[in-house]
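# A look at the structure
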Amino acid sequence: MHSPRDSHHRGSDQRVVIPTPRVVQDHQFASDYRLPDSPRHVRVETAAISTLRAHSSPAAGEAPHSTHEESSAYLTFFFDSNSEIRDCSRLNSLRRTRVSDSGTSGLGTFATVDIEQGGLIMRETPLILYPQVIPFRSDLAPERAYPDLEHAVHSLSTTNREAFFDLMNSHLTEPSRVRGIIDTNALDIGHLPGTPCEYAAICKDISRVNHSCSPNAVYRFDLTTVSVELRALFPIPAGFQIFISYIDPALPLADRQRALANYSFTCACSACSLTGSALSQSENRCSLIARADSDVDARNAALERWARTASMPDDYVTRVDKMYMDLFAKEQLYYEPVWEAYATRLCKACCALEDASGARKWARLAEVLNRAYTGHDRGWASVVAAPERTDWWGLRRKASSS
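Residues numbered from 1 in each chain as written. Predicted model: local features only at pLDDT ≥ 70, side-chain atom pairs only at ≥ 80, totals over all residues. Heavy atoms only, no water.

What follows covers the nonpolar core. Ranked by size, the top nonpolar core spans 47 residues in total, and within it Trp306, Met325, Phe328, Tyr334, Trp339, Cys347 and Trp392 carry the most contacts. Those elements that place two or more of their residues in this core are helix H9 (296-307), helix H10 (318-331), helix H11 (339-352), helix H12 (356-374) and helix H13 (380-385). Residues within four places of Phe328 in sequence aside, it is in contact with Ile289, Leu333, Tyr334, Val338, Trp339 and Tyr342. Ranked by size, the runner-up nonpolar core spans 34 residues in total, among them Leu129, Tyr199, Ile242 and Cys272. (Core = buried A, V, L, I, M, F, W, Y, C linked by side-chain atoms within 4.5 Å. Buried < 20%, exposed > 50% of the residue type's maximum accessible area, 1.4 Å probe, protein only. Helix = DSSP H or I, 4+ residues; strand = E, 2+ residues; numbered from the N terminus. Contact = heavy atoms within 4.5 Å.)

As structure tokens, then:
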């Protein structure tokens, strides 16, 4: 029989795997959508739809749990605070924010406590979850041309319906007030598994968070709990305003301003307020960041060769990766499609050099950013705890002695 000491010793030899960077295909950037004149009548029954159907709120006198077009592939779901998907009162009672006058852009959402990087700011059930391609009825009056959306909104509880109509409407020329509010406050959540189009959510609180091209927070949709989470991309001190990005923040300034025109405001965030050489430097950084994954396979292969070739300088492959991580930090933009590949290679390089402090630095950054973007550490916490147990540990020393 093994003693506890033996068991601990054996457990300490357990290998730790450095996570593979995520491949990000759907961006959480708001986009325009075209509405067809008539719906496609295609039955879709997937795990995702079944989950939503089971936990959305039925309208009085109707079959649960979607809008009246039961045969449409484009289903709109509306939710009530009594949904049994989870303990909503516990999740929604986590209040780390307040809404007050921002001084420059109407109401803003502010942190009431210090929020750590990757930390949860708030989580809430959406009022409505709807497909971004929805039926348009040209045979109805313009203000009633989106019956699915109208039906979903008016089927909400009184409290939630009032919360919906309290949201900002920046599309005052749009005949349908419901669509105007939705176009102003939609949070793109991408494709649901098995559905033919992208979905968006309308939330009572998270939809109120203001925009910045240098956001300090990011939202994500969690299908298993049917909730939208808001997490910190950077540490947010108490009293500071919380921002998300409504658009792709790596776009050049002129393109960002054009993309934001639909929201009826001119962005004056820290990135958009730059002038002269500071603006030029920012534009150059954004240009590099936007195409930073163009040669990811070549960089990964170069790292593998370097780790096993003792004659190559210790910083041969890390110089460029460190330069890009500096770009992300200076621009305050850990661009979701690309940042993790750079942090992963730097962590592997530090492990190959037996630099535990450096490996933990990059693994810790990957851990907190993954918590922000995905809600989970994705295995990076294990690397932080024991980088010496990874397969990359000491590869440079082994190469020099072989």
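Read on for the rest.
This paragraph deals with the pairing of strand E4 (residues 120-124). The buried fraction of E4 is high, at 5 of 5 residues. Relative to strand E10 (residues 227-232), E4 is paired through 4 bridges, and the arrangement is antiparallel. In the strand pairing of E10, Leu120 is matched with Arg231. (Pairing = 2+ DSSP bridges.)

In this structure the tally under the stated criterion is 24 salt bridges. Residue Asp205 is joined to Lys204 by a salt bridge in which the shortest nitrogen-to-oxygen separation is 3.4 Å. With relative accessibility at 39%, the residue Lys204 sits in the partly exposed group. Here Arg397 makes a salt bridge to Glu354, at a shortest N to O gap of 3.0 Å. Taken together, the residues span a long stretch of sequence, with Arg397 in helix H14 (residues 395-401) and Glu354 in the loop between H11 and H12 at a distance of 43 residues. (Salt bridge = Lys/Arg side-chain N within 4 Å of Asp/Glu carboxyl O.)

For the structure on display, the rule yields 10 aromatic pairs. On the numbers, 6.5 Å between centres and 50° between planes, the contact of Tyr324 with Phe328 is tilted. With Tyr324 and Phe328 both in helix H10, this residue pair falls 4 residues apart, about one helical turn. Residue classification places Phe328 among the buried residues on the basis of a relative accessible area of 0%. Connected via pairs of aromatic rings, a cluster forms that spans Phe234, Tyr324, Phe328, Tyr334 and Tyr342. Over the ring of Tyr342 we find Arg345; its NZ or CZ atom is 4.6 Å from the centre of that ring. (Phe/Tyr/Trp six-rings, centres within 6.5 Å; stacked < 30°, edge-to-face > 60°. Lys NZ or Arg CZ within 6 Å of the ring centre and 35° of its normal.)

All right, on to the sheet that holds E10 then. Taking strand neighbours across the sheet as the criterion, the 3 strands line up as E4-E10-E9 in an open arrangement whose pairing is antiparallel. Only two strands of the sheet have a single partner each, and these edge strands are E4 and strand E9 (217-222). The average angle at which neighbouring strand axes cross in this sheet is 20°, direction not considered. Its contacts with the sheet place H12 against E9 and E10, and it is angled at close to 55° to E9. (Axes fitted to C-alpha atoms, helices over the stretch in contact; angles between N-to-C directions.)

With that out of the way, let us pick up the packing of H9 against H11. Two elements in contact, H9 and H11, have axes whose closest approach is 11 Å; the angle formed by their N-to-C orientations is 5°. Considering the angle they form, H9 stands roughly parallel to H11. For the pair H9 and H11, the contacting residues are Val296, Arg299, Asn300, Leu303 and Trp306 in the first and Ala341, Tyr342, Arg345, Lys348, Ala349 and Ala352 in the second. A breakdown of the residues in the contact of H9 with H11 according to their chemical character gives 7 nonpolar, 1 polar and 3 charged. (Parallel < 35°, antiparallel > 145°, perpendicular 65-115°, else oblique. Nonpolar A, V, L, I, M, F, W, Y, C, P; charged D, E, K, R; others polar.)

Here helix H8 (residues 276-290) crosses H10 at 125°, and the two axes come no closer than 10 Å. With respect to their mutual orientation, H8 and H10 come out oblique. Seen along the crossing, H8 lies across H10 with a hand that is left-handed. When H8 is examined against H10, the residues Ser282, Arg285, Cys286, Leu288 and Ile289 are found in contact with a partner set consisting of Tyr324, Leu327, Phe328, Lys330 and Glu331. For the contact of H8 with H10, the per-class residue count stands at 6 nonpolar, 1 polar and 3 charged. (Left-handed = near helix turned anticlockwise from the far one by under 90°.)

From the geometry alone we can't say anything about function, so treat these as descriptive.
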